[in-house]
Amino acid sequence: MFLVDDMGWQETSVPFHSEVTPLNNRYQTPNMQKLAEKGVKFMQAYSCAISSPSRCSLMSGMNAARHRVTNWTLNYNSNNDAGGGSITLPDWNYNGIQPAGTSINNATSITSLPQILHDNGYYTIHCGKAHFGAKNTDGEDPLNFGFDVNIAGGANGGPASYLGSDNYCTAGSDFCINGLDEYAEQGMFLTEALTQEACRVLGEHLDNQSNQPFYLYMAHYAIHAPYNADTRFTSRYTGVFDEQLGQTLNSTEVNIAALVEGMDKSLGDIMTFLDDRAIAENTIILFMSDNGGQAVTPRQGRHNRDQNYPARGGKGSSYMGGVHEPMMVYWPGVTVAGTENHNPVMIEDFFPTILEMAGVTDYETVQTVDGHSFVDVIKNPGIQRDRTTIWHFPNRWGESQDKNEGYGAYSAILKGDYHLIYFWENQERRLYNIREDVGEQNNLANQSAYAQTLTELSEELTDSLIAFDAQRPTQNGEYVAWPKDAVYVETVEIGDPVTITDAIFKFSDETNKYYYSIQDNRGSDMAGPFYWTLGNHNDYKAIQVSNENKTAGNEKETQLFYFTRGTSNKSFHIYTYTGRSVDFVNGATRDSWNGGNLTPDGTYRYLQYDTESSGEFQVIKADATDYFGIAYNDGTLMNNRGTANGSAANMKWVINTYSGNSVSDSGSRYKFTLVESYEPTAIENILNEKPLYSYTKEELAHTEGIRVYGLDGRYIADIMVIEPGVYLIMKDGKVSKIFLK
């Protein structure tokens, strides 16, 4: 069993989507490709969104809702849930799984997979990350679960360092790796050290007991943080322009790509070892990851979009990016080479599958096994498996609580093409057709055509959670409703999209126009505030920023905008004063502030006007009164890049984003100030009056600050082409009726 840590379904050159993606082109995993060519790819393989729950499910065959190790574990009696929120999270088994017969609080006793294999004559080797049980419990040590050998496994969920020069440790860390001193002295990278030690131990066993079957649980720490540089591979990615990001890979992404390739080398080395020992044709290889790829800080690009594209979200998220995994199986003489299997598989399914593959049929467990063997669909690829998948995470992950991107306390069900997510915090249900909408952008929950699907999935999810005896959060002393009884109550936290009301800004339409300035929250210490201003950047019509307020002068057209409704009550479109559309699109610029030198180093997205189409944006709740974030419809939060440099940045930068951007940045918080409005309903009396003034076209054209409208309220951009007659003009916010001579 070859298990990778934190590897997303697209972080490989092997495509697990219906087509090759830019991410597949980024990574170099030739040994995964070889395995795919020899075996079968499972295209719908899933795990939990967090490490410990997945690993406990693999070891026990239990769904996470049943074993209740629903978040990551570390210290004894230590609850690792993040704080915040309006609900009280339930108690959970933060001491992890424990060997059968062990009785401690907040833990689940199991008859483990390696114990059953051991009892049936298998030599069992654990190598790498365990993360089954808390420190100072029996579950901390893989040897207590039936492994004959434990290489570097403990309670830690990641390595303190991958570097041998650090002895795989940093001062004061709970994540130090022990037992590899010989390799550390050689300065060997951790992934390589684990591989060599696994092959050494297995080789010794084969030398002494060549006829005894073995189970190697090769559970790499890669590609979990920290993202130390594996210098064997980093040069392959340094300075490389990335198709997905539209820019050169930064050092973090270079190191992650190298971690992936180092993991792939390990796979290849083990396959070569099996060949050299002439046992490859009698050895089954299963490849899997424990959760989705990291999709928040410190990853480069649009968080929750680029990292697991085309899926949304990542590790910790209820969206597919958090739970969809790269999975392959090579079973000599059984799997059909180079094929794909589209039957769904969940992490707990490995427990009964491996036992069936090993020929172990006569066994008992102290726990209820929820997993379903997928041996049948390997042997008969034409079988269409009817499997419903359940997730349960009534917890808060420490690295993100962004409900908009699927984080927070949730439960979910996947049945057929439909993925229903239930958020315990506000009883919100979201429904997606992942076959048609792999990026989960189109929520079907409020569409009448899917009302029956919503009801049926909500009932099945509820029934499953009750059958698992799943724990529930409470609110004000009462249990939060099950999914089938949900009553959605909108709660908005910092970082969430908000419903747009007149208190934020008024929407414009064909007849009513409301013109606003958009200023950031920078203080005078940064030469702020800065106003969105129409400009030019490398010959692109960019929206830039200036700390000069021009909204009352003859340049107001450069700093005033109006907004129209988007596809929901939380979305909107932006237009310039003269009606030109605004969008977040590609243009030439630089990836970092460089003192105002505009020489571009690549193509990146930033705010531009007079674009082909009008982009859709969201208003985001911020932690400053009367200020809000502005995000693109894919969740990218806008920021006045460069304004930390004060007045030196005036009109030298663009509005886009950066890795880790949040509304805590005062350059990502904005106030909408109404400067000018035009409401025909308020000037009905003016329409009945005689014209106050008469003008020629030339006089109007040379009068500063005047806008001309027809009597129907339509703005007239070019007055030189209109016919003489009666019109309305607006000057300094006042409307008058005139006669054009």
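Here's what I pulled together on the structure shown here. Every chain is numbered on its own, with residues counted from 1 as its sequence reads. For a predicted model such as this one, the threshold for reporting local features is a pLDDT of at least 70, and the threshold for listing and counting side-chain atom pairs is 80 or more; totals across whole chains, interfaces and linings nevertheless cover every residue. Working from all heavy atoms in the structure, the side-chain values ignore hydrogens and water.

A separate point is the overall build of the protein. Under the scheme used here, helices are H or I runs from DSSP no shorter than 4 residues and strands are E runs no shorter than 2 residues, and both carry numbers assigned from the N terminus. Summing up its helical and strand segments, the protein has 14 helices and 35 strands in all. Taken over C-alpha atoms, the radius of gyration comes to 30 Å for the protein, in line with the 27 Å a tight globule of 741 residues would show. The principal-axis extents of the C-alpha atoms in the protein amount to approximately 105 × 55 × 50 Å. In this scheme, a residue with accessible area under 20% of its type's maximum is buried, one over 50% is exposed, and one in between is partly exposed, where area comes from a 1.4 Å probe on protein chains only. Taken across its 741 residues, the protein has 60% of its residues classed as buried. Sequence separation of at least 24 residues holds for 66% of the intrachain contacts in the protein that already meet a minimum separation of 6. Accessible surface area values rest on a Shrake-Rupley calculation with a 1.4 Å probe, where residue burial reflects the displayed protein chains alone. Only carbon and sulfur atoms are counted for the fraction: they give 44% of the accessible area of the protein, which is about 28,300 Å². C-alpha atoms define the radius of gyration, and 2.2 Å times the number of residues to the power 0.38 defines the globule rule. By definition in these notes, contact holds between two residues if any of their heavy atoms fall within 4.5 Å.

Mapped onto the elements of the fold, histidine 419 is located in strand E15 (residues 418-423). N or O atoms closer than or at 3.5 Å make up a polar contact, with two conditions inside protein: a donor-capable atom paired with an acceptor-capable one, and, for residues adjacent in sequence, both atoms drawn from side chains. Here the side chain of histidine 419 touches glutamate 440 through a polar contact of 2.6 Å, side chain to side chain. For histidine 419, the residues in contact, after removing those within four places along its chain, are Ser318, Tyr319, Met320, Trp391, Ala412, Ile413, Leu414, Arg430, Leu431, Tyr432, Ile434 and Glu440.

This part is about the sheet that holds strand E33 (residues 715-716). If you trace the five strands from one edge of the open sheet to the other, you get E31-E35-E34-E32-E33, paired in mixed fashion. Since the sheet does not close on itself, it has two edges, and those belong to strand E31 (693-695) and E33, each with one partner. Two strands qualify as a pair provided DSSP detects at least 2 bridges between them.

The strand order E13-E14-E15-E16 describes an open sheet built from four strands, whose pairing is antiparallel. Only two strands of the sheet have a single partner each, and these edge strands are strand E13 (389-393) and strand E16 (428-433). Taking the axes of each pair of neighbouring strands and ignoring which way they run, one obtains an average angle of 10° across the sheet. Here five bridges tie E13 to strand E14 (residues 410-415), and the two strands are oriented antiparallel to one another. Comment: axis = line fitted to C-alpha atoms, over the contacting stretch for helices; angle = value between 0 and 180 degrees taken between N-to-C directions.

Our focus in this paragraph is the packing of helix H7 (residues 190-208) against helix H8 (residues 251-276). Direction vectors running N to C along H7 and H8 enclose 15°, while the axes themselves pass 9 Å from each other. Compared by their axis directions, H7 and H8 come out roughly parallel. In this structure, H7 meets H8 at a crossing whose hand is right-handed. Mapping the contact onto sequence places Thr191, Glu192, Thr195, Cys199, Leu202, Gly203 and Leu206 in H7 and Gly262, Met263, Lys265, Ser266, Asp269, Ile270 and Phe273 in H8. For the contact of H7 with H8, a count of residues per class yields six nonpolar, five polar and three charged. Orientation labels follow simple angle bins: below 35 degrees gives roughly parallel, above 145 gives roughly antiparallel, 65 to 115 gives roughly perpendicular, and whatever is left gives oblique. A clockwise turn of the near helix away from the far one marks a right-handed crossing, whereas an anticlockwise turn of less than a right angle marks a left-handed crossing. Nonpolar residues are Ala, Val, Leu, Ile, Met, Phe, Trp, Tyr, Cys and Pro. Charged residues are Asp, Glu, Lys and Arg, and all others, Gly as well, are polar.

Next up on the list: the environment of histidine 220. Examined against the element boundaries, histidine 220 turns out to sit in the loop between strand E7 (214-219) and strand E8 (241-242). For the pair histidine 220 and lysine 570, spaced 350 residues apart in sequence, the C-alpha to C-alpha distance is 42 Å. Excluding anything up to four places from it in sequence, histidine 220 contacts Phe2, Leu3, Val4, Asp5, Arg55, Lys129, Thr191, Leu194, Thr195 and Ser266. A distance of 2.7 Å separates the side chain of histidine 220 from the side chain of serine 266, its partner in a polar contact.

Further remarks concern the packing of helix H2 (residues 30-38) against H8. For the pair H2 and H8, interaxial distance at closest approach is 7 Å and the crossing angle is 50°. Of the possible angle classes, the one that applies to H2 and H8 is oblique. Across the interface between the two elements, Pro30, Asn31, Met32, Lys34, Leu35 and Lys38 from H2 touch Met263, Asp264, Lys265, Leu267, Gly268 and Met271 from H8.

Here we come to the pairing of strand E10 (residues 285-289). Among the five residues of E10, five are classified as buried, and the element is accordingly described as predominantly covered. Of the two faces of E10, the one holding Ile285, Phe287 and Ser289 and the one holding Leu286 and Met288 are both buried throughout. The pairing of strand E1 (residues 2-4) with E10 spans three bridges and is classified as parallel. Paired with valine 4 across the bridge in E10 is serine 289.

Everything listed here is a matter of coordinates, which is why it stays silent on function.
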